[in-house]
Amino acid sequence: VLCSRLLYLGGFPHCPVSSTCCARYAQLSSSSVILLNTTHGVLYQSAIPRTSSISSTPPDDLGAEMDECVPSQSAENDTPPKGSEATFACKCWHTRNYFIPQTGEHVTYTTRDEFLHSRESSALRAKDKSEVDRAIDSLEKEKERRLNYFAQARERAALIRQHYAPMHPEVYRLEDRWLHPDLKHLAGSVAGLAESPSMSGSSAATAGEALRQLKSRLPSRPAGVFTIPVFTSEFCHLFAEELNHFNDSAMPKARPNSMNNYGFLLEELGFYPGLLNPLLENFIRPIAAVLYPDYGGATLDHQRAFVVRYQEDEDVDLAYHYDDSEVTLNVNLGVDFEGGEVLFGAMKDAPQQDHHLRHAHHHIMV
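Scope of this entry: the structure provided in the associated data block. (Residues numbered from 1 in each chain as written. Predicted model: local features only at pLDDT ≥ 70, side-chain atom pairs only at ≥ 80, totals over all residues. Heavy atoms only, no water.)

So, the overall build of the chain
Worth spelling out the cut-off: Helix and strand assignments come from DSSP, with helices taken as H or I runs of at least 4 residues and strands as E runs of at least 2, each series counted from the N terminus. By definition in these notes, contact holds between two residues if any of their heavy atoms fall within 4.5 Å. Only the protein chains shown count as cover for residues, and all accessible areas are computed by the Shrake-Rupley method using a 1.4 Å probe.
For the chain, the helix and strand inventory stands at eight helices and 16 strands. Taking the intrachain contacts of the chain between residues at least 6 apart in sequence as the baseline, contacts between residues at least 24 apart amount to 77%. Counting only carbon and sulfur atoms, one obtains 52% of the accessible surface of the chain, whose full area is about 16,400 Å².

This is the structure in structure tokens:
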């Protein structure tokens, strides 16, 4: 039985490299999972520094500036199967936002020599030689992972489609019974605001009033972080069982991102068409459009969803970092555990003194 799980859905606008600023967060834990102060999920906005990361279809690590987009077939054998769509990624994904656990930093990496002669390696060079060598080995493995990612992802997804028998096929479809009543009520309120004659138009006053009305219904601490129940307990239970069933299978599994070693990419398991795409289109995007009008909330049409697992003999914490999405939905699947919290910082455009503050969200089992 897995100790604990967390579901992340990162939402992106039509341009996957146009991320802007919002809240940042850290995760710290003494023994198991790090979660939020709600059993069924939190909607919060996250951001990246202009020198850090953003992602689209690739795992989690694109640069913030717009680089030339090129086909992702970097490796000689990375050619899409006949009849399938080609995958495109920004060139910066192959070099930007490499994580170094020894220093807790994200860096740009191309080659060992170039990196060790760069200013970004100063903190690592202060370590002993064995630490430096381990870090470089890790960076090289991550470079290889990114180089072969797209071809391997297609192979994994094809094998899963052909050979995996789900335990709970019903959780692959978004059904009304899976959604928490509070989420449905909130989505209905957003739709009502959009359809109200007094709310028509795109003026700043109209947007401001819609935002004020919606935020008045939601707890928020700090600014830009909102707690919203998303799924029912029944769905969380069945979904966790499905993930455990997949984990126990012989199916291929990929690490969810460059910082977490344990978890799954939900696109490869087939959760997008029936479950997560409708959730984004019908619920998350309309709510985000009102909560985050200045950060691309209304234009979200892409996501990257994954689950992560924490337990004592595996990953037990996560370094302070910027998310690489316009909006992140962070869902506690409700598996029983002890301890854990998520720390949120200030909006990136907040006064400098606010960036020293940390607001903790603690896990609560209801």
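Quick word on unusual backbone geometry
Within the chain, Asn 97 stands out as a residue other than glycine whose phi angle is a positive 60°. Mapped onto the elements of the fold, Asn 97 is located in the loop between strand 7 (88–90) and strand 8 (98–100).

Some details on the nonpolar core
Under the convention used in this document: For the purposes of this section, nonpolar cores are sets of buried Ala, Val, Leu, Ile, Met, Phe, Trp, Tyr and Cys residues that join through side-chain atoms within 4.5 Å. Relative accessibility under 20% of the residue-type maximum defines a buried residue, over 50% an exposed one, and the middle range a partly exposed one, all with a 1.4 Å probe and only protein chains included.
Within the largest apolar cluster, 46 residues are counted, with the highest numbers of intra-cluster contacts made by Phe 239, Phe 271 and Leu 279. For this core, the elements supplying multiple residues, two or more each, are helix 4 (181–195), helix 6 (233–247), helix 7 (266–269), helix 8 (272–291), strand 12 (302–309) and strand 14 (327–332). No other element matches helix 8, which puts 11 residues into this core. In terms of nonpolar packing, the next biggest core, distinct from the first, is built from 13 residues, Trp 93, Phe 150, Val 308 and Tyr 310 among them.

Remarks on the side chain of Asn 257
Rules: Think of a polar contact as two N or O atoms within 3.5 Å of one another; within protein, one of them needs to be a possible hydrogen donor and the other a possible acceptor, and neighboring residues in sequence only count if both atoms come from side chains.
Checked against the element boundaries, Asn 257 lands in the loop between helix 6 and strand 11 (263–265). Within the structure, the side chain of Asn 257 is placed 2.8 Å from the backbone nitrogen of Met 259, a separation counted as a polar contact.

Points about the pairing of strand 12
Note the threshold: Should DSSP find at least two bridges between two strands, the strands are taken to pair.
In terms of burial, strand 12 is a largely internal element, seven of the eight residues being buried. Across three bridges, the pairing between strand 11 and strand 12 is antiparallel. Looking at the pairing, Phe 264 lines up with Val 307 of strand 12.

Quick word on the environment of Pro 169
In this structure, Pro 169 sits in the loop between helix 3 (129–163) and helix 4. Residue classification places Pro 169 among the partly exposed positions, given a relative accessible area of 41%. The spacing of Pro 169 and Leu 238 is 69 residues in sequence and 9.9 Å in space, taken between C-alpha atoms.

A closer look at helix 8
Operational definition: Expected helix span is taken as 1.5 Å per residue step, with the number of steps being one fewer than the number of residues. Think of it this way: the bend at a residue is just the angle between two axes, each fitted to seven residues, one set ending at that residue and the other starting at it.
Given a rise of 1.5 Å per residue, 20 residues ought to cover 28 Å, yet the end C-alpha atoms of helix 8 are separated by just 24 Å, more than 12% below that figure. Of all bends in helix 8, the biggest is about 40°, found at Ile 284, and the proline Pro 286 comes one to four residues later. For helix 8, the set of buried residues is Tyr 272, Leu 275, Leu 276, Pro 278, Leu 279, Leu 280, Phe 283, Ile 284, Ile 287, Ala 288, Val 290 and Leu 291.

With respect to the pattern of salt bridges
Convention followed: By definition, a salt bridge exists where a carboxyl oxygen of Asp or Glu is found within 4 Å of a side-chain nitrogen of Lys or Arg.
Taken as a whole, this structure holds 11 salt bridges when the rule is applied. Note that Arg 112 is salt-bridged to Asp 133, the shortest N-O span being 3.4 Å. On the criterion of sequence distance, the pair formed by Arg 112 in helix 1 (residues 112–116) and Asp 133 in helix 3 is long-range, its members being 21 residues apart. Salt-bridge contacts for Arg 309 lead to Glu 314; the nearest nitrogen and oxygen are separated by 2.8 Å. Taken together, the shared-partner salt bridges connect Arg 173, Glu 175, Arg 177 and Glu 234 into one network.

Examining the packing of aromatic side chains
How we decide: Working definition: a ring pair exists when centres of Phe, Tyr or Trp rings (six-membered ring for Trp) sit within 6.5 Å. Plane angles under 30 degrees give stacked, over 60 give edge-to-face, the rest tilted.
Scanning the entire structure with this criterion turns up 13 aromatic pairs. Here the aromatic rings of Trp 93 and Tyr 149 are separated by 5.9 Å at their centres, their planes lie at 65°, and the arrangement is edge-to-face. One end of the pair, Trp 93, is in the loop between strand 7 and strand 8; the other, Tyr 149, is in helix 3, with 56 residues separating them in the sequence. The buried category is assigned to Trp 93, whose relative accessible area is 0%.

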